[in-house]
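# Per-entry structural report
Listed below, chain by chain, are the residues.
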Amino acid sequence: LPVRAVDIGGTKIALATVEGTSVSDRHQFATPRTGRGLDLVASIADALRRMPGDGPVAVATTGMVDEGRLTALNPTTLPIENGFPLVETLAEAIGTVPLLLNDAQAAAWGEYRYGAGRGCANFTFMTVSTGIGAGIVVNGQLLVGRRGLAGHLGHVVADPNGPHCGCGRRGCLETMASGTALARLGSDALGKPMGAPELFAIAAGGNENAKTVIRTAARRVASSLGDLSAVCDVERVALGGGVGLAPGFLELVLEAVNDLPPTFQREVVRAEAGPDAGLIGVAALAVTSI
Ligand code: BMX
Ligand code: ZN
(Lines give C-alpha, C1' and ligand atoms only; values in the text may rest on other atoms or scores of the structure.)
(Ligands and ions follow the chains in the order given, each with its own letter.)
Protein backbone atom coordinates (compact mmCIF):
# COMPACT_ATOMS: atom_id res chain seq x y z
CA LEU A 1 0.00 0.00 0.00
CA PRO A 2 1.61 3.28 -1.12
CA VAL A 3 1.82 5.88 1.65
CA ARG A 4 2.17 9.61 1.10
CA ALA A 5 5.01 10.36 3.49
CA VAL A 6 6.17 13.77 4.72
CA ASP A 7 9.33 14.68 6.65
CA ILE A 8 9.34 18.10 8.35
CA GLY A 9 12.82 19.39 9.17
CA GLY A 10 14.02 22.75 10.41
CA THR A 11 15.23 23.78 6.96
CA LYS A 12 13.30 21.66 4.49
CA ILE A 13 10.14 19.58 4.12
CA ALA A 14 10.37 16.42 2.00
CA LEU A 15 7.46 14.46 0.51
CA ALA A 16 7.36 11.16 -1.33
CA THR A 17 5.24 8.18 -2.17
CA VAL A 18 6.68 5.31 -0.16
CA GLU A 19 6.02 1.60 -0.51
CA GLY A 20 8.36 -0.49 1.62
CA THR A 21 11.79 0.91 0.77
CA SER A 22 10.80 2.22 -2.62
CA VAL A 23 10.59 6.01 -2.67
CA SER A 24 9.04 7.83 -5.65
CA ASP A 25 7.65 11.29 -6.50
CA ARG A 26 10.19 12.71 -4.02
CA HIS A 27 10.36 16.47 -3.80
CA GLN A 28 11.18 19.05 -1.16
CA PHE A 29 10.77 22.72 -0.36
CA ALA A 30 12.01 25.18 2.26
CA THR A 31 10.29 24.97 5.66
CA PRO A 32 8.21 28.12 6.29
CA ARG A 33 9.96 29.42 9.40
CA THR A 34 7.28 31.91 10.42
CA GLY A 35 6.62 30.50 13.86
CA ARG A 36 3.03 29.70 12.84
CA GLY A 37 2.00 26.07 12.58
CA LEU A 38 -0.82 26.99 10.20
CA ASP A 39 1.75 28.11 7.63
CA LEU A 40 3.38 24.67 7.85
CA VAL A 41 -0.01 23.02 7.39
CA ALA A 42 -0.89 25.18 4.37
CA SER A 43 2.40 24.44 2.62
CA ILE A 44 2.15 20.68 3.27
CA ALA A 45 -1.49 20.48 2.21
CA ASP A 46 -0.62 22.31 -0.98
CA ALA A 47 2.29 19.96 -1.72
CA LEU A 48 0.12 16.89 -1.01
CA ARG A 49 -2.53 18.12 -3.45
CA ARG A 50 0.10 18.10 -6.21
CA MET A 51 1.04 14.50 -5.45
CA PRO A 52 -0.48 11.53 -7.26
CA GLY A 53 -2.43 8.88 -5.35
CA ASP A 54 -4.67 9.08 -2.33
CA GLY A 55 -3.03 6.62 0.08
CA PRO A 56 -2.70 7.23 3.82
CA VAL A 57 -0.61 10.21 4.92
CA ALA A 58 2.24 9.76 7.41
CA VAL A 59 4.29 12.64 8.81
CA ALA A 60 7.67 12.56 10.54
CA THR A 61 8.68 15.84 12.12
CA THR A 62 11.46 17.44 14.07
CA GLY A 63 10.14 18.21 17.56
CA MET A 64 8.20 16.39 20.24
CA VAL A 65 4.91 14.80 19.26
CA ASP A 66 2.32 14.30 21.97
CA GLU A 67 -1.19 13.13 21.05
CA GLY A 68 -1.05 14.74 17.64
CA ARG A 69 0.38 18.00 18.95
CA LEU A 70 3.81 19.30 18.02
CA THR A 71 6.12 21.18 20.38
CA ALA A 72 9.66 22.26 19.57
CA LEU A 73 11.96 21.14 22.33
CA ASN A 74 14.52 23.46 20.78
CA PRO A 75 12.62 26.34 19.11
CA THR A 76 15.74 27.47 17.25
CA THR A 77 15.47 24.28 15.16
CA LEU A 78 11.78 24.78 14.36
CA PRO A 79 9.87 27.86 15.51
CA ILE A 80 6.24 26.86 16.20
CA GLU A 81 3.56 27.44 18.84
CA ASN A 82 3.81 25.05 21.82
CA GLY A 83 1.44 22.11 21.49
CA PHE A 84 0.40 23.03 17.96
CA PRO A 85 -2.44 20.66 16.90
CA LEU A 86 -0.77 19.42 13.72
CA VAL A 87 -2.82 16.25 13.25
CA GLU A 88 -6.15 18.06 13.66
CA THR A 89 -5.33 21.03 11.43
CA LEU A 90 -3.70 18.90 8.74
CA ALA A 91 -6.65 16.48 8.78
CA GLU A 92 -8.99 19.42 8.22
CA ALA A 93 -6.86 20.68 5.33
CA ILE A 94 -6.39 17.36 3.50
CA GLY A 95 -9.49 15.40 4.47
CA THR A 96 -7.68 12.44 5.98
CA VAL A 97 -6.15 11.91 9.44
CA PRO A 98 -2.34 11.64 9.20
CA LEU A 99 -0.07 9.56 11.40
CA LEU A 100 2.42 11.88 13.16
CA LEU A 101 5.74 10.92 14.74
CA ASN A 102 9.07 12.48 15.72
CA ASP A 103 11.60 12.38 12.85
CA ALA A 104 14.38 10.51 14.68
CA GLN A 105 11.91 7.97 16.07
CA ALA A 106 10.57 7.44 12.54
CA ALA A 107 14.07 7.06 11.09
CA ALA A 108 14.94 4.58 13.84
CA TRP A 109 11.98 2.46 12.77
CA GLY A 110 13.08 2.73 9.12
CA GLU A 111 16.62 1.61 10.00
CA TYR A 112 15.28 -1.16 12.24
CA ARG A 113 12.95 -2.55 9.59
CA TYR A 114 15.08 -2.07 6.49
CA GLY A 115 18.55 -0.73 7.35
CA ALA A 116 21.38 -0.95 9.86
CA GLY A 117 19.11 -2.22 12.64
CA ARG A 118 17.72 -5.27 10.82
CA GLY A 119 17.57 -8.31 13.08
CA CYS A 120 18.65 -6.31 16.12
CA ALA A 121 15.73 -6.18 18.58
CA ASN A 122 17.50 -3.66 20.85
CA PHE A 123 18.65 -0.85 18.61
CA THR A 124 19.12 2.92 18.49
CA PHE A 125 19.35 5.29 15.55
CA MET A 126 21.04 8.58 16.40
CA THR A 127 21.10 11.57 14.08
CA VAL A 128 23.71 14.27 14.46
CA SER A 129 22.45 16.99 12.14
CA THR A 130 21.09 20.50 12.73
CA GLY A 131 20.09 19.16 16.13
CA ILE A 132 20.72 15.77 17.69
CA GLY A 133 17.94 13.24 17.95
CA ALA A 134 17.47 9.52 18.39
CA GLY A 135 14.95 6.75 18.25
CA ILE A 136 15.17 3.69 20.44
CA VAL A 137 13.83 0.22 19.70
CA VAL A 138 13.59 -2.11 22.71
CA ASN A 139 12.54 -5.74 22.31
CA GLY A 140 11.41 -4.92 18.78
CA GLN A 141 9.19 -2.04 19.87
CA LEU A 142 9.73 1.64 19.15
CA LEU A 143 9.89 3.74 22.32
CA VAL A 144 7.76 6.84 21.94
CA GLY A 145 7.16 7.52 25.61
CA ARG A 146 4.35 9.03 27.59
CA ARG A 147 4.82 12.47 26.03
CA GLY A 148 6.82 11.65 22.91
CA LEU A 149 10.08 12.62 24.56
CA ALA A 150 11.69 9.16 24.43
CA GLY A 151 14.98 9.11 22.56
CA HIS A 152 15.69 12.84 22.70
CA LEU A 153 19.41 12.17 23.24
CA GLY A 154 20.29 15.68 22.09
CA HIS A 155 19.00 16.86 25.45
CA VAL A 156 20.97 14.68 27.80
CA VAL A 157 23.42 16.90 29.67
CA ALA A 158 27.00 16.61 28.46
CA ASP A 159 28.33 19.45 30.64
CA PRO A 160 26.23 20.95 33.47
CA ASN A 161 28.14 24.22 33.09
CA GLY A 162 27.83 24.25 29.31
CA PRO A 163 25.88 26.70 27.12
CA HIS A 164 22.14 27.26 27.52
CA CYS A 165 20.03 25.09 25.25
CA GLY A 166 16.80 26.15 23.57
CA CYS A 167 15.04 23.45 25.61
CA GLY A 168 15.74 25.29 28.86
CA ARG A 169 18.52 23.07 30.18
CA ARG A 170 22.26 23.78 30.20
CA GLY A 171 25.04 21.94 28.42
CA CYS A 172 22.81 19.58 26.44
CA LEU A 173 24.70 17.37 23.99
CA GLU A 174 22.95 19.31 21.19
CA THR A 175 24.69 22.54 22.30
CA MET A 176 28.11 20.85 22.08
CA ALA A 177 28.07 18.39 19.18
CA SER A 178 25.24 19.19 16.70
CA GLY A 179 25.85 20.84 13.33
CA THR A 180 24.64 24.09 14.86
CA ALA A 181 27.08 23.70 17.76
CA LEU A 182 29.98 22.79 15.45
CA ALA A 183 29.34 25.92 13.39
CA ARG A 184 29.50 28.04 16.57
CA LEU A 185 32.50 26.25 18.09
CA GLY A 186 34.36 26.20 14.77
CA SER A 187 33.74 29.90 14.18
CA ASP A 188 35.09 30.67 17.68
CA ALA A 189 38.13 28.40 17.36
CA LEU A 190 39.13 29.64 13.92
CA GLY A 191 38.14 33.27 14.34
CA LYS A 192 35.79 33.53 11.36
CA PRO A 193 32.15 32.65 10.78
CA MET A 194 31.58 29.22 9.22
CA GLY A 195 29.08 26.38 8.96
CA ALA A 196 29.72 22.77 9.91
CA PRO A 197 30.54 21.69 6.30
CA GLU A 198 33.28 24.33 6.09
CA LEU A 199 34.67 23.24 9.46
CA PHE A 200 34.93 19.65 8.15
CA ALA A 201 36.61 20.87 4.95
CA ILE A 202 39.18 22.89 6.93
CA ALA A 203 39.85 19.90 9.19
CA ALA A 204 40.32 17.68 6.13
CA GLY A 205 42.92 20.21 4.95
CA GLY A 206 44.92 19.45 8.10
CA ASN A 207 44.01 22.34 10.43
CA GLU A 208 44.63 21.14 14.01
CA ASN A 209 42.17 23.57 15.66
CA ALA A 210 39.37 22.42 13.39
CA LYS A 211 40.26 18.76 14.03
CA THR A 212 40.18 19.33 17.80
CA VAL A 213 36.69 20.88 17.65
CA ILE A 214 35.37 17.88 15.70
CA ARG A 215 37.19 15.32 17.87
CA THR A 216 35.81 16.91 21.06
CA ALA A 217 32.27 16.75 19.66
CA ALA A 218 32.74 13.09 18.69
CA ARG A 219 33.93 12.31 22.24
CA ARG A 220 30.81 13.94 23.67
CA VAL A 221 28.63 11.85 21.37
CA ALA A 222 30.48 8.69 22.47
CA SER A 223 30.07 9.60 26.13
CA SER A 224 26.32 10.03 25.64
CA LEU A 225 26.22 6.64 23.92
CA GLY A 226 27.75 5.27 27.12
CA ASP A 227 24.86 6.87 29.03
CA LEU A 228 22.46 5.30 26.56
CA SER A 229 23.96 1.88 27.27
CA ALA A 230 23.41 2.42 30.97
CA VAL A 231 19.77 3.37 30.41
CA CYS A 232 18.59 1.10 27.58
CA ASP A 233 21.35 -1.44 27.05
CA VAL A 234 20.76 -1.51 23.30
CA GLU A 235 22.97 -3.80 21.28
CA ARG A 236 23.75 -1.60 18.29
CA VAL A 237 23.66 2.11 17.44
CA ALA A 238 23.43 3.45 13.89
CA LEU A 239 24.75 6.95 13.38
CA GLY A 240 23.17 9.21 10.77
CA GLY A 241 22.60 12.87 9.96
CA GLY A 242 24.81 15.30 8.04
CA VAL A 243 27.46 15.43 10.77
CA GLY A 244 27.09 11.77 11.75
CA LEU A 245 27.76 10.69 8.15
CA ALA A 246 30.45 13.33 7.47
CA PRO A 247 33.78 11.75 6.44
CA GLY A 248 35.78 10.68 9.49
CA PHE A 249 33.18 11.47 12.16
CA LEU A 250 32.06 7.88 12.80
CA GLU A 251 35.71 6.80 13.10
CA LEU A 252 36.30 9.46 15.78
CA VAL A 253 33.18 8.32 17.67
CA LEU A 254 34.39 4.71 17.46
CA GLU A 255 37.80 5.68 18.86
CA ALA A 256 36.12 7.38 21.82
CA VAL A 257 33.68 4.51 22.35
CA ASN A 258 36.68 2.18 22.59
CA ASP A 259 37.99 4.31 25.46
CA LEU A 260 34.77 3.73 27.47
CA PRO A 261 34.82 0.95 30.06
CA PRO A 262 33.90 -2.26 28.17
CA THR A 263 30.52 -2.54 29.94
CA PHE A 264 29.39 0.68 28.24
CA GLN A 265 30.75 -0.06 24.79
CA ARG A 266 28.35 -0.96 22.00
CA GLU A 267 28.56 -1.63 18.30
CA VAL A 268 28.29 1.68 16.39
CA VAL A 269 27.68 1.58 12.63
CA ARG A 270 26.72 3.92 9.78
CA ALA A 271 23.02 4.41 9.17
CA GLU A 272 22.02 2.83 5.86
CA ALA A 273 18.71 4.30 4.77
CA GLY A 274 20.19 7.78 4.24
CA PRO A 275 18.09 10.95 4.08
CA ASP A 276 14.93 8.92 3.36
CA ALA A 277 14.99 6.92 6.62
CA GLY A 278 12.33 9.15 8.22
CA LEU A 279 10.00 8.89 5.21
CA ILE A 280 10.45 5.12 4.99
CA GLY A 281 10.04 4.58 8.74
CA VAL A 282 6.93 6.67 9.18
CA ALA A 283 5.36 5.05 6.10
CA ALA A 284 6.06 1.57 7.51
CA LEU A 285 4.37 2.53 10.77
CA ALA A 286 1.37 3.99 8.94
CA VAL A 287 0.83 0.70 7.14
CA THR A 288 1.00 -1.36 10.33
CA SER A 289 -1.17 1.03 12.36
CA ILE A 290 -4.13 1.08 9.95
C1 BMX B 1 15.98 18.50 18.28
C2 BMX B 1 14.48 18.24 18.43
C3 BMX B 1 14.18 16.77 18.15
C4 BMX B 1 14.76 16.30 16.82
C5 BMX B 1 16.27 16.60 16.79
C6 BMX B 1 16.91 16.29 15.44
C7 BMX B 1 13.08 20.20 17.97
C8 BMX B 1 12.41 21.08 16.96
N9 BMX B 1 13.75 19.12 17.52
O10 BMX B 1 16.65 17.92 19.35
O11 BMX B 1 12.79 16.55 18.18
O12 BMX B 1 14.51 14.94 16.63
O13 BMX B 1 16.48 18.00 17.04
O14 BMX B 1 16.26 17.06 14.48
O15 BMX B 1 13.00 20.48 19.15
P16 BMX B 1 16.89 17.52 13.09
O17 BMX B 1 15.92 18.51 12.55
O18 BMX B 1 18.24 18.09 13.35
O19 BMX B 1 17.00 16.26 12.27
ZN1 ZN C 1 18.44 20.80 25.40
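A brief report on the enclosed structure follows. Owing to the predicted nature of the structure, the values given are computational and were not obtained by experimental measurement. (Residues numbered from 1 in each chain as written. Chains lettered and ligands numbered in written order. Predicted model: local features only at pLDDT ≥ 70, side-chain atom pairs only at ≥ 80, totals over all residues. Heavy atoms only, no water.)

## Observations regarding the site of ligand 1
Quick reminder of the rule: Near residues are defined by distance, with any heavy atom within 4 Å of the molecule or strand qualifying the residue. Think of a polar contact as two N or O atoms within 3.5 Å of one another; within protein, one of them needs to be a possible hydrogen donor and the other a possible acceptor, and neighboring residues in sequence only count if both atoms come from side chains. To be clear on the numbers: accessible area is Shrake-Rupley with a 1.4 Å probe, and residue cover counts the displayed protein chains and nothing else. Only protein atoms enter the calculation, which uses a 1 Å grid: trapped sets of points that fit a 1.4 Å probe without letting it out are cavities, open sets showing protein on both sides within 12 Å along at least five of seven lines are pockets, and any residue with an atom within 4 Å of a point is a lining residue. Cavities and pockets are treated as containing a molecule whenever more than half of the molecule's atoms lie within 2 Å of their grid points. Nonpolar residues are Ala, Val, Leu, Ile, Met, Phe, Trp, Tyr, Cys and Pro. Charged residues are Asp, Glu, Lys and Arg, and all others, Gly as well, are polar.
Taken together, 17 residues sit near ligand 1, with Leu-73, Asn-74, Asp-103, Gly-131 and Glu-174 positioned nearest. In this structure, an oxygen atom belonging to ligand 1 sits 2.7 Å away from a main-chain N or O atom of Gly-131. Here ligand 1, which alone exposes 460 Å², has 94% of that area covered by the protein. Using a 2 Å cut-off from the grid points, one finds that ligand 1 occupies the largest pocket. Considered class by class, the residues forming the shell around ligand 1 number four nonpolar, 11 polar and two charged.

## Quick notes on the sheet that holds strand 12 (residues 267-270)
Under the convention used in this document: For two strands to pair, DSSP has to find at least two bridges joining them. Under the DSSP-based scheme used, a helix requires at least four consecutive residues in state H or I and a strand at least two consecutive residues in state E, with every element numbered from the N terminus. Throughout, a residue-residue contact means that at least one pair of heavy atoms, one from each residue, lies within 4.5 Å. Lines fitted to C-alpha atoms define the axes, with helix axes restricted to the stretch in contact, and inter-axis angles between N-to-C directions lie between 0 and 180 degrees.
In spatial order, the strands read 10-9-8-11-12; together these five strands make up an open sheet with mixed pairing. With one partner strand each, in any of the chains shown, strand 10 (141-142) and strand 12 form the two edges of the open sheet. Of the strand pairs in this sheet, strand 8 (residues 123-128) and strand 11 (residues 236-240) are connected by five bridges, and their pairing is parallel. Within the sheet, the bridge partner assigned to Phe-123 lies in strand 11 and is Arg-236. Strands in contact with helix 3 (residues 103-114) are strand 8, strand 9 (132-138) and strand 10; relative to strand 9, the strand with the most contacts, it is inclined by about 50 degrees. Running over the sheet, helix 9 (residues 249-258) touches strand 11 and strand 12 and is turned about 180 degrees from strand 12.

## Considerations on the packing of helix 3 against helix 10 (residues 277-288)
For the record, the criterion: Any angle that falls under 35 degrees is termed roughly parallel, while one over 145 is termed roughly antiparallel, one within 65 to 115 roughly perpendicular, and all others oblique.
Taken N-terminus to C-terminus, the directions of helix 3 and helix 10 make an angle of 80 degrees; their axes are 7 Å apart at the nearest point. By the criterion of interaxial angle, the relationship of helix 3 to helix 10 is roughly perpendicular. For the pair formed by helix 3 and helix 10, the contact residues are Asp-103, Ala-106, Ala-107, Trp-109, Gly-110, Glu-111, Arg-113 and Tyr-114 on the first element and Ala-277, Gly-278, Ile-280, Gly-281, Val-282, Ala-284, Leu-285 and Thr-288 on the second. Broken down by class, the residue content of the contact of helix 3 with helix 10 amounts to nine nonpolar, four polar and three charged.

## Re empty space enclosed by the protein
The condition that has to hold: Grid points are joined across faces, edges and corners, and a volume is the space filled by probe spheres set on the points.
Counted according to the given criterion, the structure contains one cavity of 30 Å³ or more. Taken as a whole, the largest cavity spans an internal volume of roughly 30 Å³. Residue lining of the largest cavity: Leu-225, Ser-229, Val-237, Val-257, Leu-260, Phe-264, Gln-265, Arg-266 and Val-268, and that is the complete set.

## Notes on the sheet that holds strand 7 (residues 99-102)
Strand order across the open sheet formed by five strands is 3-2-1-4-7, with mixed pairing between neighbours. The sheet is open, and its two edges are formed by strand 3 (22-30) and strand 7, each paired on a single side. Sheet twist, expressed as the average angle between the axes of neighbouring strands with direction ignored, equals 20 degrees. Its contacts with the sheet place helix 3 against strand 1 (3-8), strand 4 (57-61) and strand 7, and it is angled at close to 95 degrees to strand 7. Contacting strand 1, strand 2 (12-19), strand 3, strand 4 and strand 7, helix 10 runs over the sheet at an angle of about 135 degrees to strand 1.

## Some words on the pairing of strand 1
Under the convention used in this document: Exposure classes here rest on a 1.4 Å probe applied to the protein chains alone. A residue is buried below 20% of its type maximum, exposed above 50%, and partly exposed in between.
For strand 1, a buried count of six out of six residues is recorded, marking the element as mostly surrounded by other parts of the structure. Going residue by residue along strand 1, you find Val-3, Ala-5 and Asp-7 tucked away on one face and Arg-4, Val-6 and Ile-8 tucked away on the opposite face as well. Taken together, strand 1 and the strand that follows it, strand 2, pair antiparallel across an intervening segment of three residues.

## Structural notes on the layout of surface pockets
Within this model, the largest pocket holds a volume of roughly 800 Å³. The wall of the largest pocket is formed by 41 residues, among which Asp-7, Gly-9, Asp-103, Thr-127 and Ser-129 lie closest to the centre. Where the lining of the largest pocket is concerned, the elements lending two or more residues are strand 1, strand 2, helix 3, strand 8, strand 9, helix 8 (241-244) and helix 10. Here the lining of the largest pocket gets four residues from one element, more than from any other, and that element is helix 3. The residue inventory of the lining of the largest pocket, partitioned by class, reads 15 nonpolar, 20 polar and six charged. Its volume calculated, the second largest pocket comes out at about 220 Å³. Lining of the second largest pocket is provided by 15 residues; of these, Asn-74, Thr-76, Glu-174, Thr-175 and Thr-180 occupy positions nearest its centre. Of all elements in the fold, only helix 4 (174-177) and helix 5 (179-190) reach the threshold of two or more residues within the lining of the second largest pocket. Broken down by element, the residue count for the lining of the second largest pocket peaks at three residues, all from helix 5.

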